[in-house]
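# Close look at the chain arrangement
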2 protein chains.
Amino acid sequence: MFRRILLSVVFLLATVSLFAQTERTQPEPTINQDNTVTFHFAAPTADSVFVDGDFLPDNKRHQKMQRGENGVWVYITEKPLEPEIYTYSYFINGNRVEDPYNIFVWRNCASFYNIFIINGERTRNYVNKDVPHGSVAKVWYPSASFSNSRRMSIYTPPGYNPRGSKKYPVFYLLHGAGQDEDSWLGFGRMAQIMDNLIREGKVKPMIVVMPNGNVSQQSAPLEGSDSYILPTFFPPRTMNGEFEASFNEIISFVESNYRVKKSKDSRAIGGLSMGGFHSIYISANNPKLFGYVGLFSPVLDPSIAQPANKTGFELSEIYINFEQKLKTQFEKAPLYWIGVGDKDPYKPQVDKLRTLLNNNNLQYSYNETSGGHVWTNWRIYLEEFLPLLFQ
Amino acid sequence: MFRRILLSVVFLLATVSLFAQTERTQPEPTINQDNTVTFHFAAPTADSVFVDGDFLPDNKRHQKMQRGENGVWVYITEKPLEPEIYTYSYFINGNRVEDPYNIFVWRNCASFYNIFIINGERTRNYVNKDVPHGSVAKVWYPSASFSNSRRMSIYTPPGYNPRGSKKYPVFYLLHGAGQDEDSWLGFGRMAQIMDNLIREGKVKPMIVVMPNGNVSQQSAPLEGSDSYILPTFFPPRTMNGEFEASFNEIISFVESNYRVKKSKDSRAIGGLSMGGFHSIYISANNPKLFGYVGLFSPVLDPSIAQPANKTGFELSEIYINFEQKLKTQFEKAPLYWIGVGDKDPYKPQVDKLRTLLNNNNLQYSYNETSGGHVWTNWRIYLEEFLPLLFQ
């Protein structure tokens, strides 16, 4: 009876669903023994139901499901899937519907995605294992540049004791356009990768600082006092030099509130896409700060962000004399690591950066993977870059 | 062009939607000047679209929307809505659909809900304001009782410095059945209420500890190594005494890792529903620990959880001799605060507790509100209880 009462209470808030009374002990979709995947969706009165997601080949997106018994529509993948994290959605009469039988939902930018994982070598560090876990905190730092406080995520490794004597190196890890301080913790799997690689002894325990790189916002959507409006994919003032110029505020906050080492050899910076762009210019403008620079599918040219900087585009001094700044930065060369996918639309940007580095005989590591401008690649780059840090 | 490339990249992951190419600067639903609300949903090929949510009166749930131009369905509330946080969903041909134009999504138990807020006196402390913010960390504590590590959320107030000398009181705040260590931070608005009330000087700066009260799980869904399965609403071993018996592990972790005061006058415990139940018995079994006890729609009788304790029900010693324990607890009486809604299905449980307290002349504060077993009430109770603590 207690159970029935409890359920009735939950149902005050809960959805009315065809399956609502049915106990299901496994989440959707069903991952079969051979790693094919079966999707079920109950929609008895729908005219059509499609499933879509990045588990489907590019030329076979939006697969029509077959109507089965009781109005449950079914789709089975043609082939077993490779180990990876995948997203999917259903479309009923053309409208996107999330899966009510999968609680595995992450946000990227302003959209939510149902997720499933095919387990294997590729994904073994993306899941929570029975290993010591670091802590993840959402903290606010004061920004004199923007006259407000701004939110960031900070990972401290297992065993970190704010009152102890041990000091740690710091990795500043930046997000892409439209993303925010939460992004590396969802699709990026930062905490899981760190926990697992630290446990294996492959990565030095370190603090990972994930700030918000959109200076026109305080925080991820809804987390600040300014953000109860629909976020735009590419906010203004994100690639105009302001974030880079204010970055010392972040370092200063971290170095006065955490037990950290304060030398170039103990500071790394890296990021994906726009975060790679930010990492290029923050490190070039502060040549003595970072011993390690990780560029994951980075953009190089600030002028391509011009449409977002609506008040007209005046090139910030952050972006001026870049080649000279780069040469100065490499006088005591950092470990400079670049990763990009062979189908990434920004690959020409990376090629341009490489040409500049090559022409000046500046040493860097170049890592080309298959695929495009996607989290699949950024997780791989993170896993490859982390073991190189602070060794 | 950059914008177009960026968008195409995002669209690799994003949904195909009727509005996908349309810029919208305001989120859905539209809150009109008079606090009526207009809902829009684009579904040109749907036979019917309904809107449902707790903004509708109980006898008028599931309102049919009117098909308008371009297949956009519309519903306008009959009356202005009172200030509150509301949830809503759409139903296309009977299937629940989330609103793709509202990023305001919270999880409760195993379901996600679109949210909107009508601003006003009631909700003024539920939103992020331009005030100093505390930090919220997800940390793991070692549990000898369960031979694993377990996750909890910890709020530290603005200005908390782990290396400083100032010490803080601690409020242990517990969730209800089916919920977890994240729940008070979503629908509960704990961090916003604390930040805002601290700023107004109405609440003492304190640390708020939100553990996971389901000992059969390590953590919220997907956050631990054991939780990649669909969570059940009411896991086993949640009201069998194990959590209460192990609670000292949580206190011990907090008191050795945070700058906290360690006296009865500096410890409070409280919770909603099952968390109220836990608070009753943790405080009664540890009569010297807590100076403040807050019971928000609590359950009293452990036997009503019997169906969930599937291996048969043996009454834990935690629940035995309760009346005597209560009398001992009240020898040095805590501030004992009870809140319940007049339509709460558990009100008979609260009545039973009050009878027991009355029969023994034990002093408590009783606060009856309108409504049922819902977050609307629990947020109110939190706001009312917090200013009483540590004064």
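Residues numbered from 1 in each chain as written. Chains lettered and ligands numbered in written order. Predicted model: local features only at pLDDT ≥ 70, side-chain atom pairs only at ≥ 80, totals over all residues. Heavy atoms only, no water.

## A look at the domain arrangement of chain A
Residues and elements named next belong to chain A.
- Per the domain assignment, the segments making up chain A are domain 1 (2-118) and domain 2 (135-388).
- Summed over both sides, the interface of domain 1 with domain 2 buries roughly 960 Å², with 62% coming from carbon and sulfur.
- Three residues, W106, R107 and C109, lead the burial of domain 1 against domain 2; their summed loss comes to 54% of the area buried on that side.
- Where domain 1 meets domain 2, there are three salt bridges.
- A salt bridge links D182 to R107; the nearest nitrogen and oxygen atoms lie 3.3 Å apart.
- The tally of links from domain 1 across to domain 2 stands at five residue pairs in polar contact (both at pLDDT 80 or more).
- Counting residues per element, the ones that place at least two in the side of domain 1 that touches domain 2 are β7 (84-92), β9 (105-108) and β10 (111-118).
- Class assignment for the residues of the side of domain 1 that touches domain 2 results in six nonpolar, two polar and two charged. (Domains from an automatic or database assignment. Buried area = accessible area lost by both parts, 1.4 Å probe. Salt bridge = Lys/Arg side-chain N within 4 Å of Asp/Glu carboxyl O. Polar contact = N/O pair within 3.5 Å; in protein donor to acceptor, adjacent residues only side chain to side chain. Helix = DSSP H or I, 4+ residues; strand = E, 2+ residues; numbered from the N terminus. Nonpolar A, V, L, I, M, F, W, Y, C, P; charged D, E, K, R; others polar.)

## What to know about the sheet that holds strand β2 (residues 37-42) of chain B
Residue and element names in this part refer to chain B.
- Pairing is antiparallel across the open sheet formed by four strands, whose spatial order is β1-β2-β6-β5. Across the chains shown, the open sheet's two edge strands, defined by having one partner strand only, are β1 (30-31) and β5 (66-67).
- Pairing of β5 with strand β6 (residues 72-76) involves two bridges; the strand directions are antiparallel. The partner of R67 across the bridge, within β6, is W73. (Pairing = 2+ DSSP bridges.)

## Examining the nonpolar core
- Counting residues in each nonpolar core, the largest one holds 107 residues, and the members touching the most others are A:Y172, A:F247, B:Y172, B:F247 and B:Y336.
- Residue contacts for B:F247: discarding those within four places in its chain leaves B:Y172, B:L174, B:P211, B:I269, B:I282 and B:F290.
- Listed in part, the 86 residues of the second largest apolar core include B:I103, B:Y113, B:L173 and B:F390. (Core = buried A, V, L, I, M, F, W, Y, C linked by side-chain atoms within 4.5 Å. Buried < 20%, exposed > 50% of the residue type's maximum accessible area, 1.4 Å probe, protein only. Contact = heavy atoms within 4.5 Å.)

## Section: the pairing of strand β3 (residues 49-53) of chain A
Residues and elements named next belong to chain A.
- With respect to burial, β3 is a largely interior element, four of its five residues being buried.
- By the bridge criterion, five bridges tie β3 to β7 in an arrangement that is antiparallel. Among the inter-strand pairings, D52 is bridged to a residue of β7, identified as S89.
- One ladder, built from two bridges, connects β3 with strand β4 (residues 63-64); its direction is antiparallel. When the sheet's bridge partners are listed, F50 is paired in β4 with K64.

## Considerations on the pairing of strand β18 (residues 365-369) of chain A
All names here are of chain A.
- Sheet topology places strand β17 (residues 335-341) next to β18; five bridges connect them, and they run parallel. Counted as the bridge partner of W337 is S365 from β18.
- Between the parallel pair β17 and β18, the chain is carried across by helix α7 (residues 347-359), and the sense of this crossover is right-handed. (Right-handed = clockwise from strand over helix to strand, strands pointing away.)

## Observations regarding helix α6 (residues 322-329) of chain A
- Here α6(A) has its buried residues at A:F322, A:K325, A:L326 and A:Q329. Take α6(A) and look down its axis: the buried residues cluster within an arc of 100°, on one side only. (Arc of directions from axis to C-beta.)

## A short note on the pattern of salt bridges
- Per the stated rule, a full pass over the model turns up 40 salt bridges over all chains.
- Here the salt bridges do not stand alone but share partners, grouping A:R107, A:K138, A:R151, A:D180, A:E181, A:D182 and A:E223 into one network.

## Some points on helix α5 (residues 274-285) of chain A
All names here are of chain A.
- Between the first and last C-alpha of α5 there are 17 Å, a value that for 12 residues agrees with the 16 Å anticipated at 1.5 Å per step.
- Counting buried positions over the 12 residues of α5 gives 11, a clear majority of the element.
- Of the residues making up α5, those classed as buried are M274, G275, G276, F277, H278, S279, I280, Y281, I282, S283 and A284. (Expected span 1.5 Å × (residues − 1).)

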